[in-house]
Structure formats: C-alpha cells, structure tokens
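Here are the chains, one letter per residue:
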Amino acid sequence: DTTADDDDTTADDDDTAADDDDTAADDDDATPDLPPSPPVTHIQPASPTTLDALVLAVDVEASDPEGLPVTYSIAWSCDGNADAGLDGSAEVDATSTSRGQTWQVEVVASDGSLTSTPAIAEVIVLNSPPQVGAVLVEPSAITTGDAAWCEAYGLEDADGDPLTIVYDWFLDGQPLVEGSQGIEAEDQARGDALECVVTATDPEGASATASSVVLVVGNTPPGPPNISLAGPGDDPTNEFTCTIENPSTDADGDIVTYEALWLLDGQPTAYVGLVLPANSATFNQQWSCQVTPWDGFDSGPPAVATVNTCNPTRWFADLDGDGWGDDLDWIDACG
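For clarity, every value in this text was computed on a predicted model and none was experimentally measured.

Looking now at the overall build of the protein chain. Per the secondary structure count, the protein chain includes 0 helices and 24 strands. Within the protein chain, contacts between residues at least 6 apart in sequence are counted, and of these 56% link residues at least 24 apart. About 19,300 Å² of surface is accessible on the protein chain, with carbon and sulfur atoms providing 50% of the total.

Before going further, it helps to spend a moment on the sheet that holds strand S16 (residues 226-230). If you trace the 3 strands from one edge of the open sheet to the other, you get S16-S17-S20, paired in antiparallel fashion. Of all strands in the sheet, those bounded by a partner on one side alone are S16 and strand S20 (275-276). Bridge count for strand S17 (residues 240-246) against S20 is 2 bridges, and the pairing is antiparallel. Looking across to S20, one finds that Thr 241 is bridged to Val 275.

Glancing now at the pairing of strand S18 (residues 257-264). Sheet topology places S18 next to strand S21 (residues 286-294); 8 bridges connect them, and they run antiparallel. What sits directly across from Glu 259, in S21, is Thr 292. As consecutive antiparallel partners, S18 and strand S19 (residues 267-272) are separated by 2 residues, and within that stretch Asp 265 has a phi angle of approximately 50 degrees, a positive value.

Summed over the entire model, instances satisfying the criterion amount to 2 aromatic pairs. Look at Trp 76 and Trp 103: their rings are 6.4 Å apart centre to centre, the planes differ by 70 degrees, and that puts the pair in the edge-to-face class. With Trp 76 in strand S3 (residues 71-78) and Trp 103 in strand S6 (residues 102-110), the pair connects residues that are 27 residues apart, well separated along the chain. On the numbers, 6.0 Å between centres and 70 degrees between planes, the contact of Tyr 271 with Trp 287 is edge-to-face. Separated by 16 residues along the polypeptide, Tyr 271 in strand S19 and Trp 287 in strand S21 bring together distant segments of the chain. Overall, the relative accessible area of 31% leaves Tyr 271 in the partly exposed class. Just above the ring of Trp 330 sits the side chain of Arg 314; from NZ or CZ to the centre is 3.7 Å.

You can see Ser 77 is positioned in strand S3. Residue class for Ser 77 comes out buried when judged on its relative accessible area of 14%. With near-sequence residues (within four places) excluded, Ser 77 lies in contact with Ala 82, Thr 102, Trp 103 and Gln 104.

Mapping Asp 168 onto the fold places it in strand S10 (residues 164-171). Engagement of the side chain of Asp 168 in a polar contact is seen with the backbone nitrogen of Gly 179, the distance being 3.1 Å. Not counting residues within four places of it along the chain, the set of residues in contact with Asp 168 comprises Val 177, Glu 178, Gly 179, Glu 195, Cys 196 and Val 197.

Here we have 3 strands laid out as an open sheet, ordered S1-S2-S5, and antiparallel in their pairing. The outermost strands of the open sheet, each flanked by one partner alone, are strand S1 (40-44) and strand S5 (91-92). Of the pairings in the sheet, the one linking S1 to strand S2 (residues 54-60) comprises 5 bridges and is antiparallel in character. Following the sheet pairing, Ile 43 is matched in S2 by Leu 56.

Turning our attention to the confidence of the model for the protein chain. For the protein chain, the average pLDDT comes to 88, and 89% of its residues sit at 70 or higher. Confidence drops under pLDDT 50 across residues 9-13; counting only partners more than four residues distant or on other chains, this segment forms 7 contacts.

The next point concerns the pattern of salt bridges. By the definition in use, this model includes 5 salt bridges. Two residues, Arg 99 and Asp 159, come together in a salt bridge whose shortest N-O distance is 3.6 Å. A residue pair is termed long-range when its members are at least 10 positions apart, and Arg 99 in the loop between S5 and S6 and Asp 159 in the loop between strand S9 (148-153) and S10 qualify at 60 residues. Residue Arg 190 pairs with Asp 254 through a salt bridge whose shortest N-O separation is 2.7 Å. Of this pair, Arg 190 sits in the loop between strand S12 (182-183) and strand S13 (193-201) while Asp 254 is found in the loop between S17 and S18, placing the two residues 64 residues apart along the sequence. Connected through salt bridges with shared partners, the residues Arg 99, Asp 159 and Asp 161 form a single ionic network.

Thresholds, definitions, all that
Sequence order sets the numbering: in each chain, residues are counted from 1 along the sequence as written. Note on the predicted model: pLDDT of at least 70 is required for a residue's local features to be given, and 80 or more for side-chain atom pairs to be given and counted; whole-chain, interface and lining totals, by contrast, use all residues. In computing side-chain properties, one takes all heavy atoms of the structure into account and sets aside hydrogens as well as water. Per the convention used, a helix needs a DSSP run of H or I reaching at least four residues, while a strand needs a run of E reaching at least two, with both numbered from the N terminus. The contact criterion used is simple: two residues touch if any of their non-hydrogen atoms lie within 4.5 Å. Residue-level accessible areas treat just the shown protein chains as cover; the underlying method is Shrake-Rupley with a 1.4 Å probe. We call two strands paired when DSSP finds no fewer than two bridges between them. Aromatic pairs are defined between Phe, Tyr and Trp rings, using the six-membered ring for Trp, whenever the two ring centres lie within 6.5 Å; interplanar angles under 30 degrees are classed as stacked, those over 60 as edge-to-face, and all others as tilted. Note on classification: 1.4 Å probe, protein chains only; a residue is buried when its accessible area is under 20% of the maximum for its type, exposed when over 50%, partly exposed between these limits. Remark: a charge is flagged as sitting over a ring if the NZ atom of Lys or the CZ atom of Arg is within 6 Å of the ring centre and within 35 degrees of the ring normal. Whenever a nitrogen or oxygen atom comes within 3.5 Å of another N or O atom, the pair is scored as a polar contact, on the condition that within protein one atom can donate a hydrogen and the other can accept it, and that pairs from neighbouring residues in sequence are kept only if both atoms are in side chains. The predictor attaches a confidence to each residue, and that confidence, scored 0 to 100, is pLDDT. Any Lys or Arg side-chain nitrogen located within 4 Å of an Asp or Glu carboxyl oxygen qualifies as a salt bridge.

Right under this line is the structure:
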C-alpha cells in the first residue's frame, strides 16, 4: 500500500494526460484545409478568326471542399508569351489577334488561402474570309442600248491579304459574260433579267460572293428621224410640207410611228400631220414642224424643222409699163 507501489499513483495512472487518446495531438477527427477544385473552361468560339473576340467560358465552376467562396485569377498568353495587359479580363478583343496565333487562357481558383491547379484552354486563330459590302450596276436603269459596268464596294480582308476579284454576269440566271467588269450594249435585250456577281478570294482560298440587284432591261426609245420642211418659197399663203428624209432607228427592232405637230413661234398649235394647209400662216411668222417617233412603248426625241414666213413688201401695179407704179393699185406680198 505504499505510495510507490500504489497502482493509483499518478505515475502509474493510465488515465494521465500523456496516455489519453483524446488529446488534440492524437485526435483522429481533425479536418485538414484542402484547395478548391479547378473550373472546367473553354474559349469561344472554338475556331476563331481575326474577326472574332476570344471569350472565356466556364463550363463547370470551381468548388471548395470547405464551402468557402471561390474567386478566379485569369491570365492570357499568345504564342507562349504572357500579356499582362489582358490579365483579369474574360475577353480578348478581335483587334488584338492575328491569323496563326495560338491563344491560351489559364484560370486558377482560390478560396482565399489555397489555389487550385490551373485550368487551361487554347485556340488557334484561323484565316478570315474576305468581305464584299455591296455590288452596284451602272446605269441603275438599263436599256437595250446601254453598255453596263459592275462595281464592288466594301472589299475588305481582316488579315490584310491581297484579294483576287472576279466579275461574272448572268442573264435570266444563266452565265452571260465571265470575268469581265463591263458588258456591251448588244449583250442584252428588252425584258432580260441582268445580274452581276462579284467573288473576292484571298491567298488562303477563302472567298466571299455578293450579287447586285437583278435589273430588268427596259425598252430603248427610238432615235429622232431626219426631216426637212419645204414649200414654194416662204410665202405664208403656201402649203408647207414636212418630209421624213431618214426614219428613226430602234435598238429593239420595233416598228416606229410618228406624230407631227406644228408650232407657231415655238408654241403648239391645233395643226397636226405632216402638212400645214395653205393660208394657215401669215406674214413674218416662224413655223416649225415637230416630228416625234413612237415605238409602241416610249417616245423618242423629236426632230424639228423651221421656216420663217416673209416680211412682206408693198408692190405697186405698173399697167402701162413705164416703170412707175400706180399708187392707187398696190398689194403687200413676198414677191
């Protein structure tokens, strides 16, 4: 029962703190701090060109085992070279990229004390196809008698490549002229549907095509005839006749008819037809014959011929033949 042999002594007591399995050092229930999981990411679009911005997309968010809030650190690199100016941004502007570059984005998740392994996504910038803004045909209202010219506007290539431009013409949907920017007047006829198609191709073989509006070839009015105005002198008592010396030409091959109108001192009168009746005119007037051609669709430019009636002279009768006129026997006439 001595103190030294007493099993209840402190030194022999199995319940001492040193032997206690429940001490913090021996406690198997302690939880270690773990880093967050990395996110799952990709870059949009998957096949970008120099026209596209590169956008970081998170498919699966990072998570922290302890449920702590997670933040992201974003770092971009181009061809293996980090660009600090883009760090922290989820997007790279299209103006910063060039064809053939390899862009990589690294995303690291943090719970405030520990970080995840990096999530890395990568894309290669591809060739950009050319662009054709608009195709216009001049003249915008085309007729049988018109040559036509095709012009492309807004030709661009984001990669700065030289472009090969090809112009093709189609008539009623069928090839008309290939590889020519212009066509001649005889290539089309009234009623045809005319279209110009422009194709721009870069050295990589990428191309873009644009078409003009479809123009329907309109009627070509007849040309003016060649006319003359004749009468026995310029005596207003005479009949005046307007003659078509050479008829009008018509590019569409239409039959041409004519409308004749008489003008007095430049103003229309009620007289129509190619003949001005005798005694319709008086002294000291200007009479014009205006002939307008008509092809059944449109009027052509008129042809005009003009005659001036005389300024009359007073004539005295010399019945006795002595060379002196009778002042009581006279007439005003052209001759």
